[in-house]
Amino acid sequence: MKVLVVFGTRPEAIKMCPLIIQMKKTQKIECCVCLTGQHREMLQQVMDIFRLQTQYNLDIMKTNQTLSMITISIIERIENIIEFENPDLVLVHGDTSTSFAASLAAFYQSVPVGHVESGLRTYNLKSPFPEEFNRQAVDLISELYFAPTESARQNLLREGKDASKIFVTGNTVIDVFPFTIKSDYQNDLLKWAEGSRMILLTTHRRENIGEPMEHIFHAVKNIIEDFPDVKVIYPIHKNPKVRKIANEIFQNVERIQITEPFDVVAFHNVMSQSYLILTDSGGVQEEAPSLGKPVLVLRNTTERPEGIAAGTSKLTGISETDIYQQIRKLLIDKNAYERMSSAVNPYGDGHASERITEIILQYLLDKEVENAEGVNCPSNI
Ligand code: UD1
Ligand code: UDP
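Note that the structure is predicted; figures quoted are calculated from it, not measured.

## A short note on the site of ligand 2
Inference 1: Looking at ligand 2, there are 16 residues lining it, with Phe 262, Ser 281, Gly 282, Gly 283 and Glu 287 nearest.
Inference 2: In the environment of ligand 2, an oxygen atom lies 2.8 Å from a nitrogen or oxygen atom belonging to the side chain of Arg 10.
Inference 3: Here ligand 2 loses 95% of its free accessible area of 540 Å² to cover by the protein chains.
Inference 4: Among the elements of the structure, helix H1 (10-26), helix H11 (264-272) and helix H12 (283-287) are those that each provide at least two residues to the shell around ligand 2.

## Concerning the nonpolar core
Inference 1: Formed by 34 residues in total, the largest nonpolar core has its most connected members in Leu 201, Phe 217, Tyr 234, Phe 250, Leu 278 and Ile 327.
Inference 2: Mapped by element, the contributors of at least two residues to this core are strand S8 (197-202), helix H9 (211-226), strand S9 (230-235), helix H10 (240-250), strand S11 (276-279), helix H14 (320-332) and helix H15 (334-340).
Inference 3: Here the element with the most residues in this core is H9; it accounts for 7 residues.
Inference 4: For Ile 327, the contacting residues outside a window of four places in its chain are Ile 199, Ile 223, Leu 276, Leu 278 and Leu 296.
Inference 5: Of all hydrophobic cores here, the second largest spans 32 residues; its members include Met 23, Leu 35, Phe 50 and Leu 91.

## Here we look at the pattern of salt bridges
Oppositely charged side chains can pair when the atoms bearing their charge come close.
Inference 1: Summed over the entire model, instances satisfying the criterion amount to 24 salt bridges.
Inference 2: As a salt-bridge pair, Lys 15 and Glu 117 come within 2.7 Å of each other at their nearest N and O atoms. With a gap of 102 residues between them, Lys 15 in helix H1 and Glu 117 in the loop between strand S5 (113-116) and helix H5 (131-140) connect regions that are remote in the sequence.
Inference 3: Note on Lys 15: relative accessible area 3%, which makes it buried.

## Topic: the site of ligand 1
Inference 1: Taken together, 26 residues lie around ligand 1, and His 39, Glu 41, Ser 97, Glu 131 and His 204 are the ones closest in.
Inference 2: With respect to ligand 1, the side chain of His 204 contributes an N or O atom lying 2.8 Å from an oxygen atom.
Inference 3: Side-chain polar atom of Arg 206 to an oxygen atom of ligand 1: 3.0 Å apart, as the coordinates give it.
Inference 4: The fraction of the free accessible surface of ligand 1 (750 Å²) that becomes covered by protein chains is 96%.
Inference 5: Counting only elements with at least two residues in the shell around ligand 1, the list comes to helix H2 (41-50) and helix H3 (67-85).
Inference 6: The class makeup of the residues in the shell around ligand 1 is 7 nonpolar, 11 polar and 8 charged.

## Considering unusual backbone geometry
Inference 1: Between Ser 127 and the following residue, Pro 128, the backbone shows a cis peptide bond with an omega angle of -5°.
Inference 2: Structurally, Pro 128 can be placed in the loop between S5 and H5.
Inference 3: Here the residue pair Phe 129 and Pro 130 is connected by a cis peptide bond, since its omega of 0° sits within 30 degrees of zero.
Inference 4: Unlike most non-glycine residues, Gln 27 shows phi in positive territory, near 60°.
Inference 5: Relative to the helices and strands, Gln 27 is located in the loop between H1 and strand S2 (30-35).
Inference 6: Phi is positive for Asn 252, which is not a glycine, with a value near 60°.
Inference 7: Examined against the element boundaries, Asn 252 turns out to sit in the loop between H10 and strand S10 (256-259).

## Quick look at the side chain of Arg 299
Inference 1: You can see Arg 299 is positioned in the loop between strand S12 (295-297) and helix H13 (305-310).
Inference 2: The exposure class assigned to Arg 299 is buried, which follows from its relative accessible area of 2%.
Inference 3: Among the polar contacts listed, one links the side chain of Arg 299 to the backbone oxygen of Asp 280, at a separation of 3.2 Å.
Inference 4: In this structure, Arg 299 is in contact with Pro 128, Arg 205, Asn 208, Asp 280, Ser 281, Gly 282, Gln 285, Leu 315, Thr 316, Gly 317 and Ile 318, ignoring residues within four places of it in sequence.

Scoring rules and cut-offs
Residues numbered from 1 in each chain as written. Chains lettered and ligands numbered in written order. Predicted model: local features only at pLDDT ≥ 70, side-chain atom pairs only at ≥ 80, totals over all residues. Heavy atoms only, no water. Near = heavy atom within 4 Å. Polar contact = N/O pair within 3.5 Å; in protein donor to acceptor, adjacent residues only side chain to side chain. Areas by Shrake-Rupley, 256 points an atom, 1.4 Å probe, with all protein chains shown as cover. Helix = DSSP H or I, 4+ residues; strand = E, 2+ residues; numbered from the N terminus. Core = buried A, V, L, I, M, F, W, Y, C linked by side-chain atoms within 4.5 Å. Buried < 20%, exposed > 50% of the residue type's maximum accessible area, 1.4 Å probe, protein only. Contact = heavy atoms within 4.5 Å. Salt bridge = Lys/Arg side-chain N within 4 Å of Asp/Glu carboxyl O. Nonpolar A, V, L, I, M, F, W, Y, C, P; charged D, E, K, R; others polar.

Below is the structure:
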């Protein structure tokens, strides 16, 4: 019983590695791992932490790659692998172009697709772009839907997906904390930030690149100027377009450290020691509530409404004034800050990988029985 697991970006790797570890533990599922290499260094950082054996790396990343380039290279290179490995299931994650292209290739070869982190929606194809399209497209051709939350399941049901194929499992990102969080964690940047109110910043969304990102950075710059006890740590995405905007706006700004992306151990621990998180990331929105950290989401929409409902995340929009005002409020209004800091865990209980593994195992066993019956059935001879 073989599962071909395909992923290629940092967040997919972080969320798929615990699941692969769990599937391997069963010793009943043969797990073949194909990295697309949509990311290079940022993917490698995760693989260095989990040290999993991988069978393929399509190594497709190009500087300033376009969405078409990613999609074409993956479909071209993965076709032979799917044919050669002949898996019983292709497993993809979330909403990246890797997931879209890999699931499309599997669909074309009539191999069933399992979708981890299925059912998230904004129903706005422009935000997040192109992720909203990717996740809807993957769900269109999936055979198994692993919805992290009940509201994701409801989205799938509203779209008419077969209820017997939808499973609420929690998000595997929560399963990662036991691998990463350390009570005595230290690094040079945390030492630098000691005694301040440290804000952790991440940005990378394609739809934010350009004016929205300029607004975000100007708002942060003004906050640093107006609050002498604030320091900002910004592990910057490798995207050269993001770096160009950040370098221009943050030039000569004191009390901000722009640093290379952290590995996930460093990132989770810096998160857990931060005062406040500013991000346009999807995964960070899911992680922060468990750590009791308020998150201002630097976007107009989110496919992760649970954090907002729990009161730990807020959408800021993308205007400079709105972003500035919302950060300022959390810095001056202790009650507002306390209200957003309660630790809640709307995204999972740390056992999502176990649940998904059980479901996949049962699915593969049922399929084996079905195939055996099909072979023995005289009408098929
Ligand atoms: C991709 C995903 C996005 C996800 C994000 C996680 C799509 C369409 N987008 O967006 O959903 O939130 O990953 O970070 O799939 N680069 C490097 N080294 C790396 C990684 C990136 O140099 O290790 C640079 C390259 O120049 C690359 C650029 O960053 O062209 C953008 O990478 P890309 O994967 O196209 O887009 P992301 O914004 O990372
Ligand atoms: N992350 C990391 N190092 C960093 C920034 C983020 O390891 O410097 C992790 C973070 O903990 C989360 C994931 O990367 O699990 C989020 O990835 P990203 O924001 O790139 O993508 P998204 O979640 O928006 O798809």
